[in-house]
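# Summary of structural features
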Amino acid sequence: MLSNTQVAQKLLEIRTLMEMAGESFYKYMAYEKAAASVENAPPLADLVAADEHLKLPGVGKSIGSVIEQLVRTGSADQLDALHERFPPSLLEVLGVSGIGTKTAATLFAEYGIASLADLETAIAAGALAGVPRLGNKTIENWRRGILAYKGRQRRTPLPAALAIAREAMTYVREGPPLERLEFAGSLRRAEVTVGDIDLVCTSHHAADVVAHFAAWPRAEAVLAEGPTKASIWLPGGLQIDLRVLPDHLYGNLLQHFTGSREHNIKLREQAVRANLRVSENGILNLETGEVVTCADEAGVYATLGMQLIPPELRSGLDEIELARSGLIPPLVETADIRGDFHMHTTWSDGDDTLEAMIAAAAARGYEYHAISDHSQGRARRYGMTPALLREQRGLADEFDTRYGIRTLCASEVDILPDGSLDFEDSVLAQLEVVIASVHIATRQSREEMTARLIRACENRYVTIIGHPTGRRFDHSSGYEFDYDAVFAAAARTGTALEIDGQAARLDLPAPLARKAKSFGVTFALDSDAHRTGDLAAVEFAVGQARRAGLVKSDVLNARPLDEVLAFIARKREAA
DNA sequence: GCCGTTTTCGGCCCGACTGTTTTCAGTCG
């Protein structure tokens, strides 16, 4: 069964090969739009089963049937036919920066270059010398592009990209004077992984700022450098783009470079109907010739007759229609978070002591938090026993007085393969917060895993299901289960679902959280910190929550302590 | 190929940078 991301990739492959085949621009662009739509949609398997995939924006009859084939069989007639003409290895050639579909099509048709290896051989043999419109500089750029392609990592996880962006911004600030500097693009939209880093800047000294940026010692190569914009590569192939414009255009600039591409296309299509041309240089009224420039993004959206759309919602799905109708809700913010239910100490697998974690949580200004060291699972060499839990509780009470915070007595308890928990109910009853998580036996069938998670929800002592899908960017795509059934069980039993902000997890993913919200589920936004420095990861959980459209009232740890305790008590009493 | 607050037909976002082209196509985001 192909995932949404995999289907989106196949649609993009069709798009690329259609362009090479000489299909019309709007025809293949339709596939690109559909791919973006699919990426942000709920699980396609469910949509196709309910025949609801045709409701996705940009998906009509033709692409709808392609999606259906992809989901059911893993391929599609259309893709197979294109592969008859163009070998899949051509996509490698297209992966080289500077080579687009036109060039790749020519290289293939005229010189038989069908793969990266073919291209390298042709360059090394000088087979491309003397070709019209192919100078030494172009060949040299390709050679560099091939090296970058080979060394390139996959898309960079959001937390890692954010750290790099902040380093680059620190460096840029050390240069010529500037007014404002911000990261934009997929990073600002809180996408789970980012393909490159976009920085926007306002300054009276644009060319100097750009030159300073391009001279960053950490840059391995400068891809492009003009008077207002430069692109650099870091070792490993991550690209950073910087654009500099005058300060009165800050709103237009930030809006333009925050994207997404599909969001901007839709926004501009709407604007065109009102005779407005939108770009980073302002909003041009084609009738009057007047140009509106905006100091902030709210001005851009207001000029286009809609609410400000938060960056995390700019996916190109239906946010523009909602904003025109005034239906974008105020999303949950990091400042709303009053506590963090999920963190570990040296008592299990954390790196920092109980006191250090409590002090750090208090320093973040939390009203309450929970220390949730692991239960001592059957296969676990570390972790808490009932005796250790009692001992930890006593110490925590002392530290609470010292640091002015309320530490809830908690544990992250393994959900065993049959859905029972790793602690007896009598132990669970002593805990104020129970996070139940799947760590073992992750290869169960969809049916077994569904039953297992539902049974965990039905345990009266379970407050939160931790990192519900088990996906990890480093090695695991997570386990399969019937999302609807588990979300319904969570809502019915008053069990919160976690959005785990740990760098490698970000789980629940935003499209699933959006779906869970439709069932009436309550969410816990947690850091899953294993050291004090990771408590800030709750911000990544908030980012995913915002992408899912969650508001303050959807979030358990945005509530005051008495309401949190009442939420927990309701479930225990109801059972 | 998709879509509709003028449209079920006739439209479809916008601009920066590169290379070698004497006027712009290709690529990228």
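In every chain, residue numbers begin from 1 and rise along the written sequence. Labels follow written order: the first chain is A, the first ligand is 1, and so on. Selection of residues for local features in this predicted model requires a pLDDT of at least 70, selection of side-chain atom pairs for listing and counting requires 80 or more, and totals for whole chains, interfaces and linings are taken over all residues. Neither water nor hydrogens contribute to the side-chain values; these are computed over all heavy atoms in the structure.

### A word on empty space enclosed by the protein
Which parts of space are left empty comes out when a probe the size of a water molecule is rolled across the atoms. Under the convention used in this document: Residues are called lining when one of their atoms sits within 4 Å of a cavity or pocket point, these points coming from a 1 Å grid over the protein atoms alone, where a cavity is a set in which a 1.4 Å probe fits but cannot get out and a pocket is an open set with protein on both sides within 12 Å along at least five of seven lines. Grid points are joined across faces, edges and corners, and a volume is the space filled by probe spheres set on the points. Numbering goes from the N terminus for both helices and strands, where a helix is a DSSP run of H or I of at least four residues and a strand is a run of E of at least two. Under the scheme applied, nonpolar residues are Ala, Val, Leu, Ile, Met, Phe, Trp, Tyr, Cys and Pro; charged residues are Asp, Glu, Lys and Arg; polar residues are all the others, including Gly.
Within this structure, the stated rule accounts for two cavities of 30 Å³ or more. Its boundaries defined by the atoms lining it, the largest cavity holds a volume of some 70 Å³. Going through the elements one at a time, helix H18 (386-403) and strand E12 (406-414) are the ones with two or more residues in the lining of the largest cavity. In terms of residue class, the lining of the largest cavity is built from six nonpolar, two polar and one charged. Here the second largest cavity is characterised by a volume of approximately 30 Å³. In terms of lining, the second largest cavity is formed by Arg 460, Tyr 461, Val 462, Thr 463, Gly 494, Phe 567, Ile 568, Lys 571 and Arg 572. Of the residues contributing to the lining of the second largest cavity, the split by class is four nonpolar, two polar and three charged.

### Things to note about helix H24 (residues 561-574)
We apply this condition: In a helix, the anticipated span is given by 1.5 Å times the number of residues less one. Working definition: with a 1.4 Å probe on protein chains only, accessible area under 20% of the residue-type maximum means buried, over 50% means exposed, and in between means partly exposed. Think of the arc as the fan of directions from the helix axis to the C-beta atoms.
Its 14 residues give H24 an end-to-end C-alpha distance of 20 Å, which sits within 8% of 20 Å, the value for a rise of 1.5 Å per residue. Residues of H24 that are buried include every one of Leu 561, Val 564, Phe 567, Ile 568, Lys 571 and Arg 572, and no others. Seen along its axis, H24 keeps its buried residues to an arc of 130°; they face one direction. When the buried face of H24 is taken as reference, the exposed residues oriented beyond 90 degrees from it are Asp 562, Arg 570, Glu 573 and Ala 574.

### Let's talk about the protein's contact with DNA strand B
In plain terms, the rule: Here a residue is near a molecule or strand as soon as one of its heavy atoms is found within 4 Å of it. Counted as a polar contact is a pair of N or O atoms within 3.5 Å, where, for protein atoms, one must be capable of donating a hydrogen and the other of accepting one, and residues adjacent in sequence contribute only when both atoms are in side chains.
The immediate surroundings of DNA strand B are formed by 47 residues, with Thr 103, Gly 135, Glu 225, Arg 268 and Glu 269 found nearest. Near the protein, meaning within 4 Å, the atoms of DNA strand B are sugar or phosphate in a fraction of 75%, with bases accounting for the rest. In this structure, a sugar or linking oxygen belonging to DNA strand B sits 3.2 Å away from a side-chain N or O atom of Thr 138. Of all the secondary-structure elements, those providing two or more residues to the surface near DNA strand B are helix H2 (25-39), helix H4 (61-73), helix H7 (101-111), helix H9 (136-151), strand E5 (221-225), strand E7 (239-245), helix H14 (261-273) and strand E8 (276-279). Sorting elements by how many residues they give to the surface near DNA strand B places H14 first, with six residues.

### So, the side chain of Gln 270
Note the cut-off: Here, residues are in contact when the closest pair of their heavy atoms is within 4.5 Å.
Summarising the element assignment, Gln 270 is placed in helix H14. Residues in contact with Gln 270, not counting those within four places in the same chain, are Ile 320, Glu 321 and Arg 324.

### Things to note about the pattern of salt bridges
For clarity, the threshold we go by: When a carboxyl oxygen of Asp or Glu is within 4 Å of a side-chain nitrogen of Lys or Arg, the pair counts as a salt bridge.
Evaluation of the coordinates by the stated rule reveals 30 salt bridges. Here Lys 27 makes a salt bridge to Glu 23, at a shortest N to O gap of 3.4 Å. We classify Glu 23 as partly exposed; its relative accessible area is 32%. Between Arg 243 and Glu 280 there is a salt bridge, with its nearest N and O atoms 2.7 Å apart. On the criterion of sequence distance, the pair formed by Arg 243 in strand E7 and Glu 280 in the loop between E8 and strand E9 (282-285) is long-range, its members being 37 residues apart.

### So, unusual backbone geometry
With an omega of 0°, the peptide bond between Gly 259 and Ser 260 qualifies as cis. Within the fold, Ser 260 resides in the loop between helix H13 (250-258) and H14. You will see that Leu 506, though not glycine, has its phi angle at about 45°, which is positive. Mapped onto the fold, Leu 506 is located in the loop between strand E15 (496-500) and helix H22 (510-518). Not every positive phi belongs to a glycine, and Asp 528 is a case in point at roughly 55°.

### Structural notes on helix H21 (residues 483-493)
Within H21 the residues assigned to the buried category are Tyr 483, Val 486, Phe 487, Ala 489, Ala 490 and Thr 493. The buried residues of H21 all sit within an arc of 160° when viewed along its axis, so they share a single face. Check the buried side of H21 and you find it contacts helix H3 (44-49), helix H20 (446-458), E15, H22 and H24. Its side-chain oxygen placed 3.2 Å from the backbone nitrogen of Asp 484, Asp 482 serves as the N-cap of H21. Positive phi appears at Gly 494, one or two residues downstream of H21, with a value of about 70°.

### What to know about the sheet that holds strand E14 (residues 464-465)
Counted only if it meets this: Any two strands with at least two DSSP bridges between them are considered paired. Every axis corresponds to a line fitted to the C-alpha atoms, with the helix fit spanning only the stretch in contact, and the corresponding angles, defined between N-to-C directions, vary from 0 to 180 degrees.
Spatial strand order, E11-E12-E13-E14-E15-E16: six strands in an open sheet with parallel pairing. One side of each edge strand has no neighbouring strand; the edge strands of this open sheet are strand E11 (368-371) and strand E16 (523-526). Where E11 meets E12, four bridges bridge the pair, whose relative direction is parallel. When the bridges of E12 are listed, Ala 370 appears paired with Leu 408. Against the sheet, helix H23 (residues 538-547) touches E15 and E16, its axis set at about 140° to E16.

### Brief notes about the sheet that holds E8
The strand order across the open sheet built from three strands is E8-E9-E10, with neighbouring strands paired in antiparallel fashion. Only two strands of the sheet have a single neighbouring strand rather than two, namely E8 and strand E10 (291-292). The pairing of E8 with E9 spans four bridges and is classified as antiparallel. For Leu 276, the partnering residue across the bridge sits in E9 and is Asn 285.

### Regarding the side chain of Ser 527
Relative to the elements of secondary structure, Ser 527 occurs in the loop between E16 and H23. A relative accessible area of 1% means that Ser 527 is categorised as buried. At 3.4 Å, the side chain of Ser 527 forms a polar contact with the backbone oxygen of His 342.

### Things to note about the pairing of E9
The antiparallel hairpin formed by E8 and E9 contains two residues in its connecting segment. Across two bridges, E9 lies against E10 in antiparallel orientation. Among the inter-strand pairings, Leu 284 is bridged to a residue of E10, identified as Val 291. Where E9 folds back on E10, the antiparallel hairpin that results is connected by five residues, among which Gly 289 adopts a positive phi of roughly 80°.

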